Amino acid sequence: MDAKTFDAKSLLDDLFDNGVLFDSGIDGLYGRSGDFEEVIERFEAMVLREGEKDGATRIHFPPGMSRPALEKSGYMKSFPQLAGCVHSFMGGESEHAELLGKMATGDDWTEMQESTGIAMTPAACYPLYPTVAARGPVPDEGLLFALSSYCFRHEPSKDPARMQLFRMREYVRIGTAEQVSAFRESWLKRGRAMIEALDLPMEVDAANDPFFGRGGKMMAASQREQGLKFELLIPVASLKKPTACLSFNYHQDHFGETWGLKFADGSTCHSGCVGFGLERLAIALFRHHGMDVKRWPANVREALWSA
Ligand code: ATP
Ligand code: ZN
Ligand code: MG
């Protein structure tokens, strides 16, 4: 690994040149090679094998979710800059002619679309809380879910590890503060062990989310102070600013309060999640072990392909 290629743009070019990723003309929106997908599948198998020990309920959500649910979760308050909503044309023939006319003259035709009620899923766990709330009281032992979803965030970048559409695998624990804290501790350990088995350099550090605006700065500082978010960081496009490949989040009773997630005795549930950025992990592997999967170190191949 030579220090000079620790640069986002040259890493992206390397991934394109070696046919690992395919350019779409839009930053953060790429095609993936068969090898790239297989690495993700193998890594997911590793993660699932760990999680199966705890008997998590698997749910696969689509990349879109209910917009009202996203609104209620507070996402637009904290991260309006990242959100995306789906709009469609709902007019008749005359509006259609108008739309085509606008396209032909290069005018903005998108204002002729209306909101569909679907928002792009920004993190795999957002659609979960309303789904759980609708099922009634949470049992005393709490709940555990294994989720996966394509996610959208409007953060175009030349850094291949910062995509606009990417996959997240998450474990989510809903229960008491103690249950959630034990869950997070256990995944901090397991996450480290998995990344070690893949021979990737890492560090774990306190972190914060990019809350919007001036008020957001205070929220970010308080999140950090209270130790609510940790990240497992791997140098991918930069040595100085390593990339968050796993996140460990404690939401306290935020989603419990928002969605009315309660135990049978009426007390509000806490929640926490661990998120694996699948594309980030795959890119970290290509970055450190080379663009040709067949030539990766035997121990890394063994860790992935024996899962
Ligand atoms: P960052 O600080 O790098 O923006 P994040 O704090 O926004 O990361 P989370 O919101 O905790 O990340 O998301 C969970 C996981 O999803 C991250 O640990 C990361 O691996 C992955 N992830 C987040 N944003 C992206 C992105 N734009 N492209 C690819 N993976 C991402
Ligand atoms: Zn989550
Ligand atoms: Mg982010």
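Scoring rules and cut-offs
Residues numbered from 1 in each chain as written. Chains lettered and ligands numbered in written order. Predicted model: local features only at pLDDT ≥ 70, side-chain atom pairs only at ≥ 80, totals over all residues. Heavy atoms only, no water. Donors = N, O, S within 2.8 Å, 3.2 Å for Na, K, Ca; no water. Helix = DSSP H or I, 4+ residues; strand = E, 2+ residues; numbered from the N terminus. Buried < 20%, exposed > 50% of the residue type's maximum accessible area, 1.4 Å probe, protein only. Near = heavy atom within 4 Å. Polar contact = N/O pair within 3.5 Å; in protein donor to acceptor, adjacent residues only side chain to side chain. Nonpolar A, V, L, I, M, F, W, Y, C, P; charged D, E, K, R; others polar. Domains from an automatic or database assignment. Contact = heavy atoms within 4.5 Å. Buried area = accessible area lost by both parts, 1.4 Å probe. Pairing = 2+ DSSP bridges. Axes fitted to C-alpha atoms, helices over the stretch in contact; angles between N-to-C directions. Parallel < 35°, antiparallel > 145°, perpendicular 65-115°, else oblique.

An unreviewed UniProt entry lists the chain under the name Amino acid--[acyl-carrier-protein] ligase, from Pararhizobium mangrovi.

Asks: So, the coordination of the zinc ion (ligand 2): which residues are in play, and what are the values?
Replies: In the first shell of the zinc ion (ligand 2), the protein supplies Cys-125 (SG), Glu-170 (OE) and Cys-273 (SG), at 2.2 to 2.3 Å from the metal. As a motif over one chain, the donors of the zinc ion (ligand 2) read C-x44-E-x102-C. With a gap of 45 residues between them, Cys-125 in the loop between strand S6 (113–120) and helix H6 (128–133) and Glu-170 in strand S8 (residues 165–175) connect regions that are remote in the sequence. Of the two residues examined, Cys-125 and Glu-170, each falls in the buried class.

Asks: Help me get a handle on the site of ligand 1, residues and values and all.
Replies: By nearness alone, 16 residues border ligand 1, and Glu-155, Arg-162, Met-163, Lys-229 and Ser-247 come closest of all. Contacts to ligand 1 include Arg-162, whose side-chain N or O atom sits 2.9 Å from an oxygen atom. Cys-245 places a polar main-chain atom, nitrogen or oxygen, 3.0 Å from an oxygen atom of ligand 1. Counting only elements with at least two residues in the shell around ligand 1, the list comes to S8, strand S10 (229–234) and strand S11 (243–252). Looking at the shell around ligand 1, the element that brings in the most residues is S11, giving four residues. Classifying every residue of the shell around ligand 1 by side-chain character gives seven nonpolar, two polar and seven charged.

Asks: Explain the domain arrangement of the chain to me, using residue names and the numbers behind them.
Replies: Here the chain is described as being made up of domain 1 (8–83 + 122–305) and domain 2 (86–120). Between the C-alpha centres of domain 1 and domain 2 the distance comes to 34 Å. Contacts between domain 1 and domain 2 engage ten residues on the former and five residues on the latter. A buried area of about 590 Å², summed over both sides, lies between domain 1 and domain 2, and 61% of it is on carbon and sulfur atoms. The largest contributions to the domain 1 side of the interface with domain 2 come from Met-65, Arg-67 and Phe-152, which together make up 56% of the buried area.

Asks: Describe the sheet that holds S8, with residues and values.
Replies: The strand order across the open sheet formed by seven strands is S3-S7-S8-S12-S11-S10-S9, and the pairing between neighbours is mixed. Across the chains shown, the open sheet's two edge strands, defined by having one partner strand only, are strand S3 (57–60) and strand S9 (203–206). Within the sheet, the average angular offset between the axes of one strand and its neighbour, ignoring direction, is 20 degrees. Here S3 runs beside strand S7 (residues 143–152); their pairing, made up of four bridges, is parallel. Within S7, the position partnered with His-60 by the bridge is Ser-148.

Asks: Describe the pairing of S11, with residues and values.
Replies: Taken across its ten residues, S11 has nine buried, putting it largely inside the fold. Judged from the six bridges that link them, S10 and S11 form a sheet pairing that is antiparallel. Residue Leu-232 lies in a different strand from S11, and its bridge partner there is Leu-246. Strand direction decides the pairing type here: S11 and strand S12 (residues 270–277), joined by six bridges, are antiparallel. Within the sheet, the bridge partner assigned to Tyr-250 lies in S12 and is Gly-272.

Asks: Could you give an account of the packing of helix H2 (residues 34–52) against helix H11 (residues 298–305), with specific residues and numbers?
Replies: Orientation of H2 relative to H11, taken along the N-to-C sense of each, is 65 degrees, at an axis distance of 8 Å. Relative to H11, H2 is oriented roughly perpendicular. The residues of H11 that touch H2, namely those facing Glu-38, Val-39, Arg-42, Phe-43 and Met-46, are Ala-303, Leu-304 and Trp-305. Across the contact of H2 with H11, the residue classes tally to six nonpolar, no polar and two charged.

Asks: Outline the sheet that holds S6, supporting the account with residue identities and numerical values.
Replies: Pairing within the open sheet is antiparallel, and its three strands lie in the order S4-S6-S5. Looking along the sheet, the strands with just one partner apiece sit at the ends: strand S4 (64–66) and strand S5 (85–89). Strand-to-strand twist in this sheet, taken as the mean axis angle between neighbours without regard to direction, amounts to 55 degrees. Relative to S6, S4 runs antiparallel, the two sharing three bridges. Paired with Gly-64 across the bridge in S6 is Met-120.

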